[in-house]
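The lines below spell out each chain.
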Amino acid sequence: MMMGRPIDLASSQAIGSGSESGPAFPVPSLRVDRVSKSFGTVRVMEDLSLKVARGEFVSLLGPSGCGKTTLLRILSGFIEPDAGEIFIDGKPVRGVPTR
């Protein structure tokens, strides 16, 4: 059975995550580091950080307007974040053309 780790985007916290002093986290396949995004004067995401290990299943949870779709659009390269970086297998993806 594959277990997931839901992320509450409204609070930017992993639900049921261990403490930093817990078991060592494997090298993340996906790392979102302090990503922020605004549309005009509306800040929809601020300083979101997330690590996802290869093979890990993660769910995005939160109310309407908290940034779930915005995060997915940033991860897929459809829009650029205003601040922060995204790494896949340790390599930054900013400016990489989408196909």
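My aim in this report is to walk through the structure given alongside it, one point at a time. (Residues numbered from 1 in each chain as written. Predicted model: local features only at pLDDT ≥ 70, side-chain atom pairs only at ≥ 80, totals over all residues. Heavy atoms only, no water.)

**Regarding the overall build of the chain**
We apply this condition: Starting at the N terminus, helices and strands are each numbered in turn, a helix being any DSSP run of H or I of at least four residues and a strand any DSSP run of E of at least two. Only protein chains enter the area calculation, which uses a 1.4 Å probe; residues under 20% of their type maximum are buried, those over 50% are exposed, and those in between are partly exposed. In this analysis, two residues are considered to be in contact whenever any of their non-hydrogen atoms come within 4.5 Å of each other. In this description, accessible areas are obtained by the Shrake-Rupley approach with a 1.4 Å probe, and a residue is regarded as covered only by the protein chains that are shown.
Secondary structure assignment for the chain yields one helix and seven strands. From first element to last, N terminus to C terminus, the chain shows the α and β order β-β-β-β-β-α-β-β. Within the span of the chain, comprising 99 residues, buried residues form 26% of the whole. By sequence separation, contacts in the chain at least 24 residues apart represent 57% of the contacts at least 6 residues apart. Taken as a whole, the chain presents about 6,800 Å² of accessible surface, with 56% of it coming from carbon and sulfur.

**Describing the pairing of strand S4 (residues 42-53)**
What counts here: In this description, strands pair whenever DSSP reports at least two bridges between them.
Across eight bridges, the pairing between strand S3 (residues 28-39) and S4 is antiparallel. Bridged to Ser38 within S4 is Arg43. Taken together, S3 and the strand that follows it, S4, pair antiparallel across an intervening segment of two residues, in which Gly40 is found at a positive phi of about 65°.

**Some remarks on the nonpolar core**
It is characteristic of soluble globular proteins that their nonpolar side chains tend to be buried jointly. So the rule is basically this: As used in this record, nonpolar core signifies buried Ala, Val, Leu, Ile, Met, Phe, Trp, Tyr and Cys residues forming a set joined through side-chain atoms within 4.5 Å.
Ranked by size, the top nonpolar core spans 12 residues in total: Leu30, Val32, Val35, Val44, Met45, Leu48, Leu50, Val52, Leu71, Ile74, Ile79 and Ile86. Of all the elements in the fold, those that place two or more residues in this core are S3, S4 and helix H1 (68-75). With five residues, the single largest contributor to this core is S4. Contacts of Val35, omitting those with residues within four sequence positions, involve Met45, Glu46, Asp47, Leu48, Ile74, Pro81, Ala83, Gly84, Glu85 and Ile86.

**Some words on the packing of aromatic side chains**
Selection criterion: In summary, the pairing rule links any two rings of Phe, Tyr or Trp, Trp by its six-membered ring, whose centres are within 6.5 Å, and it sorts them by plane angle into stacked for under 30 degrees, edge-to-face for over 60 and tilted for everything else. Criterion for a charge above a ring: Arg CZ or Lys NZ at most 6 Å from the ring centre, at most 35 degrees from the ring normal.
Taken as a whole, this structure holds zero aromatic pairs when the rule is applied. Of note, Arg31 hangs over the ring of Phe87, and the distance from its end group to the ring centre comes to 4.1 Å.

**Notes on the sheet that holds S4**
So the rule is basically this: Geometry is summarised by axes, namely lines fitted to C-alpha atoms with helices restricted to the contacting stretch, and by angles between N-to-C directions that run from 0 to 180 degrees.
Within the open sheet, the four strands sit side by side as S4-S3-S6-S7. Their pairing is antiparallel. Every interior strand has two partners, whereas the edge strands, S4 and strand S7 (91-92), have only one. The pairing of S3 with strand S6 (residues 83-88) spans five bridges and is classified as antiparallel. Residue pairing for S6: Arg31 is matched across the bridge by Phe87. Contacting S3, S4 and S6, H1 crosses the sheet at an angle of about 120° to S3.

**A look at the environment of Ser36**
Basically, it comes down to this: For the purposes of these results, a polar contact is taken to be a pair of N or O atoms within 3.5 Å, where, inside protein, one atom must be able to donate a hydrogen and its partner to accept one; residues adjacent in sequence count only when each atom of the pair is a side-chain atom.
Within the element layout of this structure, Ser36 appears in strand S3. When its relative accessible area of 1% is taken as the criterion, Ser36 is described as buried. Linking Ser36 and Glu46, residues 10 residues apart in sequence, is a C-alpha distance of 4.2 Å. When sequence neighbours within four positions are dropped, the list of residues in contact with Ser36 reads Arg43, Met45, Glu46, Asp47, Pro81, Asp82 and Ala83. At 2.9 Å, the side chain of Ser36 and the backbone nitrogen of Asp47 are in polar contact.

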